[in-house]
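# Residue-level structure breakdown
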Amino acid sequence: MQIYLAVTPGEYQSAAKYSRLFAHVAYRIGPESQLLRQSLLLQTRGGLLALGDRDAPPISAPEALCAGILRECARRSYTGVLLDFEARPADDRKVFAGMLAQHLRKTRRTLYVPESCAVPGAVPLICTALSGGSFPQRLQEAVRQFGGAELLGLDVQRLRMDFTLPAKSGEGRPLSEEEFRSLVEKESPAVFFSQELCARYFTYMQGQETHFVLFDDESTLRQKLKTGEAMGFSAAFFMWPEIRDIAPKLGRL
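We now turn to the structure provided with this report. (Residues numbered from 1 in each chain as written. Predicted model: local features only at pLDDT ≥ 70, side-chain atom pairs only at ≥ 80, totals over all residues. Heavy atoms only, no water.)

Turning to the pairing of strand 9 (residues 160-164), a few remarks are in order. Extensive coverage of strand 9 is indicated by the burial of four of its five residues. Judged from the two bridges that link them, strand 9 and strand 10 (residues 173-174) form a sheet pairing that is antiparallel. Directly across from Asp-162, in strand 10, lies its bridge partner Arg-173. (Buried < 20%, exposed > 50% of the residue type's maximum accessible area, 1.4 Å probe, protein only. Helix = DSSP H or I, 4+ residues; strand = E, 2+ residues; numbered from the N terminus. Pairing = 2+ DSSP bridges.)

A few words on the sheet that holds strand 11 (residues 192-194). With respect to topology, five strands assemble into an open sheet ordered 10-9-13-12-11, the strand pairing being antiparallel. Every other strand in the sheet has two partners, leaving strand 10 and strand 11 as the edge strands with one partner each. One ladder, built from three bridges, connects strand 11 with strand 12 (residues 199-206); its direction is antiparallel. Looking at the pairing, Ser-194 lines up with Ala-199 of strand 12. Helix 5 (residues 177-187) rests against strand 9, strand 10, strand 12 and strand 13 (209-215) of the sheet, and its axis sits at about 65 degrees to strand 12. (Contact = heavy atoms within 4.5 Å. Axes fitted to C-alpha atoms, helices over the stretch in contact; angles between N-to-C directions.)

Read these as geometric descriptors, not functional statements.
In structure tokens form, the structure reads like this:
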């Protein structure tokens, strides 16, 4: 399994000692489907081009955007592309992703996409942050759906979620790093491990309400990686801001 650390140019040097493979979060979609790039070190080579679409316009010229990406991949010796699409992709995003996957395959490069943007020829990334069900079963279902673990990757998202019980919707409130740390310091809770979710949890009271907090630490993230690797998943992705505080405990990825 290839493990990538997604970093911005400004974070690269601080993250470099924890990984050998990087997805460079330095690219976005500009007007008229241009490929826009942040400042990168001149010597940046290898890894993946990570393309974001936050506040981006519709992709009106997908071929032009594909061409710009292919030129940048050749220039920087990138081995593939990560599409960091935050919302459920609209039709223009999926058309572009399908076109890019075919172009990259011709140059023996790989396209990684969110599961919601799965297109032929790309590697869908299965999110590891589950709030219900069974983590191993979720991966097994994805393997059956997409036809093989080697065709899939893991989107290793660090879970920090606060649920007010009973959580009928299954939706909780995401906690920032500061909120989570402050809550743990205040409550000094007894922490337990969920084998099914492969995550840790604790409960606390706030007035008359019972809260259930589900979270990942370095050991649960490692266990999720091992589970995916044992099944034969081809790749996994971490976002540097999510693991920065536990990077020394995680060790080199």
